Amino acid sequence: MEQLLIGTYIRQKRLDKGWTQERLCEGVCNAATLSRIENNERTPSVSVAKALLQKLGLPDGQFFALLGKDDIAVEKLQKDIRNDEIRLRRAVEPERARIRERILEKLEKLENFGGEDNRFVQQSILSTKASVGGPNGPYSYEERLEMLLEAIRLTVPRFDVKNIPDFQYSVTEIIIINQIALTYASAGNRKKAISIFRRLLQYIEKYNQDLDKYPRQFCLIAHNCAIDLAVERRYQESIALAEKGQRVCVEEGDYQFLPGFLAVQAECYFFLGNMEKSRDFYNQAYCLYKSLFDKNNLATMAREMEERLGSGPSR
């Protein structure tokens, strides 16, 4: 099997796309640094290598890197924080408050790491705080939006929600754009949120279908977009997108968002007057949330079935 140095590999893939060094390295490193990386005069750090590969639309697991002590600590903290965020979404009070406190403590530890990749660490901290909140609880919509825009502009300086297709994004940047859209939706501007979700889905389907992370990225954005379409009473559009997301989950073997797609369809069919289909999808969603120990969504499913269909889930 042919073996390539990572710098040579990055250079070849950049040239295949017809990109300049300035286009690829924007928000990641300066052109001089990228030139040294491509000429194999410098080995990129883990964060820089991942960002460059992801912007090229390439799997970031194709390279091996020797991790320094700080790299290991940062990656472990970030992984722990991501897992806690999942627990936070699924938990109910008072457990949510304890998980939030634990996340904020880990973010404080993360703030102690600097170096040339500090922008990536700071980006992670800002986007997590916007999502989780501070010691006194959630931030306002305006504060969250300001933090998220600051976070993405650390690596995409010219970013604007109106020109999403104009740039190449890393996985982290895609997640931040998703958070921006969610913030607009939470503030009541769902039409703008749907517009952002749609543009982001177009980007993901155009550039990221060959990535290992494609199913998770597509399903995350499609799930949130389908919810907002349903709230806007665009039920058929919501069902179509939820059905596509459901297929991606099953075909790719990534089931995190599957119960959410089923729940969206259950709600849409209820408002379209198809009670039989609504009940069937509610029961499927309820069973999956139960298997995932998702207390928050489990309670929501039971409550909606009682209110809308007159009885709880089938036991």
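The model shown is predicted, which means the values in this text are computed figures rather than measured ones. (Residues numbered from 1 in each chain as written. Predicted model: local features only at pLDDT ≥ 70, side-chain atom pairs only at ≥ 80, totals over all residues. Heavy atoms only, no water.)

Asks: Whenever I open this one, the overall build of the protein chain confuses me. Can you help?
Replies: The helix and strand tally for the protein chain stands at 15 helices and 0 strands. For the protein chain, whose C-alpha radius of gyration is 21 Å, the value lies close to the compact-globule estimate of 20 Å for 315 residues. Its C-alpha atoms give the protein chain principal-axis dimensions of roughly 70 × 40 × 40 Å. Relative to its 315 residues, the protein chain shows a buried fraction of 48%. Look at the contacts in the protein chain between residues 6 or more apart in sequence, and 60% of them connect residues 24 or more apart. Carbon and sulfur atoms form 48% of the exposed surface of the protein chain, whose accessible area is close to 16400 Å². Positive and negative charge centroids in the protein chain, built from 47 and 45 side chains respectively, lie 2 Å apart. (Helix = DSSP H or I, 4+ residues; strand = E, 2+ residues; numbered from the N terminus. Rg over C-alpha atoms; globule rule 2.2 N^0.38 Å. Buried < 20%, exposed > 50% of the residue type's maximum accessible area, 1.4 Å probe, protein only. Contact = heavy atoms within 4.5 Å. Areas by Shrake-Rupley, 256 points an atom, 1.4 Å probe, with all protein chains shown as cover. Lys, Arg positive; Asp, Glu negative; His and termini not counted. Charge placed at Lys NZ, Arg CZ, Asp CG, Glu CD.)

Asks: How do you make sense of the nonpolar core when you look at a structure like this?
Replies: When a protein is soluble and globular, its nonpolar side chains tend to lie buried together. If you look at the biggest cluster of nonpolar residues, it comprises 64 residues, and the most contacted ones within it are Phe 159, Tyr 169, Ile 177, Ile 180, Ile 196, Phe 218 and Leu 241. It is helix α11 (residues 214-231) that provides the largest number of residues to this core, a total of 10 residues. The residues touching Tyr 169, leaving out its near neighbours within four places in the chain, are Gln 54, Lys 55, Val 156, Phe 159, Asn 163, Ile 164, Ile 174, Ile 177 and Tyr 203. Among the nonpolar cores identified, the runner-up in size contains 16 residues, and Leu 24, Ile 37, Val 48 and Leu 53 belong to it. (Core = buried A, V, L, I, M, F, W, Y, C linked by side-chain atoms within 4.5 Å.)

Asks: In this structure, what is going on with a negative patch on the surface? I would like to understand it.
Replies: On the surface, a cluster of negative charge is made up of Glu 142, Glu 143, Glu 146 and Glu 150. Locating Glu 143 in the fold gives a position in helix α8 (residues 141-152). Residue classification places Glu 143 among the partly exposed residues on the basis of a relative accessible area of 40%. (Patch = residues over 30% accessible without salt bridge, like charges linked within 9 Å, V, L, I, M, F, W, Y side chains within 5 Å. Salt bridge = Lys/Arg side-chain N within 4 Å of Asp/Glu carboxyl O.)

Interpretation in functional terms is not warranted from these geometric data alone.
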